[in-house]
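Okay, here's what each chain looks like letter by letter:
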Amino acid sequence: MTNPILDIIHQRRSIGKLSLPMPNQDELNTVLHAAMVAPDHKQLKPWQFWVLTDESLVEFGKVLLKAAEAEAESRGEALDEATIKKTLTMPLRAPMIIVIATKQKYHEKVPPYEQLLSAGAAAQNILLALESLGYNSVWRTGPLCNTDVVKAHFGVGVDDTICGLIYTGSSTVQMPAREAVDISDYVSYHN
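Now for a quick tour of the structure. Being a predicted model, the structure only gives us computed values, none of them experimental.

Parameters and conventions
Residues numbered from 1 in each chain as written. Predicted model: local features only at pLDDT ≥ 70, side-chain atom pairs only at ≥ 80, totals over all residues. Heavy atoms only, no water. Helix = DSSP H or I, 4+ residues; strand = E, 2+ residues; numbered from the N terminus. Buried < 20%, exposed > 50% of the residue type's maximum accessible area, 1.4 Å probe, protein only. Contact = heavy atoms within 4.5 Å. Areas by Shrake-Rupley, 256 points an atom, 1.4 Å probe, with all protein chains shown as cover. Lys, Arg positive; Asp, Glu negative; His and termini not counted. Charge placed at Lys NZ, Arg CZ, Asp CG, Glu CD. Polar contact = N/O pair within 3.5 Å; in protein donor to acceptor, adjacent residues only side chain to side chain. Salt bridge = Lys/Arg side-chain N within 4 Å of Asp/Glu carboxyl O.

This part takes up the overall build of the chain. Helix and strand counts for the chain stand at 6 helices and 4 strands. Sequence-ordered secondary structure for the chain, helices as α and strands as β, is α-α-β-α-α-β-α-β-α-β. Within the span of the chain, comprising 191 residues, buried residues form 37% of the whole. Counting only contacts in the chain whose residues sit at least 6 apart along the sequence, the fraction spanning at least 24 positions is 81%. Summing over all exposed atoms, the chain offers an accessible surface of approximately 11600 Å²; the carbon and sulfur share of this is 55%. Averaging the locations of the 17 positively and 22 negatively charged side chains of the chain gives two centres separated by 2 Å.

Attention now moves to the side chain of Gln115. Secondary-structure assignment places Gln115 in helix α5 (residues 112-132). For Gln115, a relative accessible area of 2% puts it in the buried group. Reaching out from Gln115, the side chain makes a polar contact with the backbone oxygen of Lys105 at a distance of 2.7 Å. Gln115 has contacts with Leu44, Pro46, Thr102, Lys103, Gln104, Lys105 and Val110, leaving out every residue within four places of it along the chain.

Another aspect to go through is unusual backbone geometry. Looking along the chain, the bond that leaves Leu20 and enters Pro21 is cis, with omega of 5°. On the secondary structure map, Pro21 appears in the loop between α1 (4-11) and α2 (25-36). Notably, Lys45 is not glycine yet its phi reads approximately 50°, a positive angle. Residue Lys45 is classed as partly exposed on the basis of its relative accessible area of 27%.

Before going further, it helps to examine the environment of Leu32. Tracing the sequence through the fold places Leu32 in helix α2. Measuring from C-alpha to C-alpha, the distance between Leu32 and Asp80 comes to 38 Å, with 48 residues separating the pair along the chain.

This paragraph deals with the pattern of salt bridges. Taken as a whole, this structure holds 2 salt bridges when the rule is applied. Of the charged contacts in the structure, one is a salt bridge between Arg75 and Glu77, with a shortest N-O distance of 3.2 Å.

Structure representation (structure tokens):
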């Protein structure tokens, strides 16, 4: 059975080191519009996006370093030079990062976990839209993602969550085909 949507879902792979080209503004708008139609009970749009490129990637590296230093200091430690360099350059592994965070809204019928899952669905739509346009991506978070320093940089509320840093760009890496998964290990049928 061939189906272009299923082909994109099955072909998409995370690639960690990305380069130019990256989506242009029209393509980026298409990707973000795909995020906006994720499953969203009561149409709350419980998410927020930031697109980082160029100098904002360098600035984000400085924010990550500040967060890492604060975390190390809280443990009575200091960062070594290798960790400092690695932290500063983490955002430079792609020409674009799309940051997604929850922006939860109170609704008696839509609990916070459902809004978090909705943001995750929006992130998945971004990944699939990027793949459909011929771009590569990897969805990252990591231990610094929801530190006070990083959340403050983006203005993310204390009760909200940065769900993903979607590194975006292009790669010539040829990933091996996925191994088949026996779904019987994960699925039960009840009649």
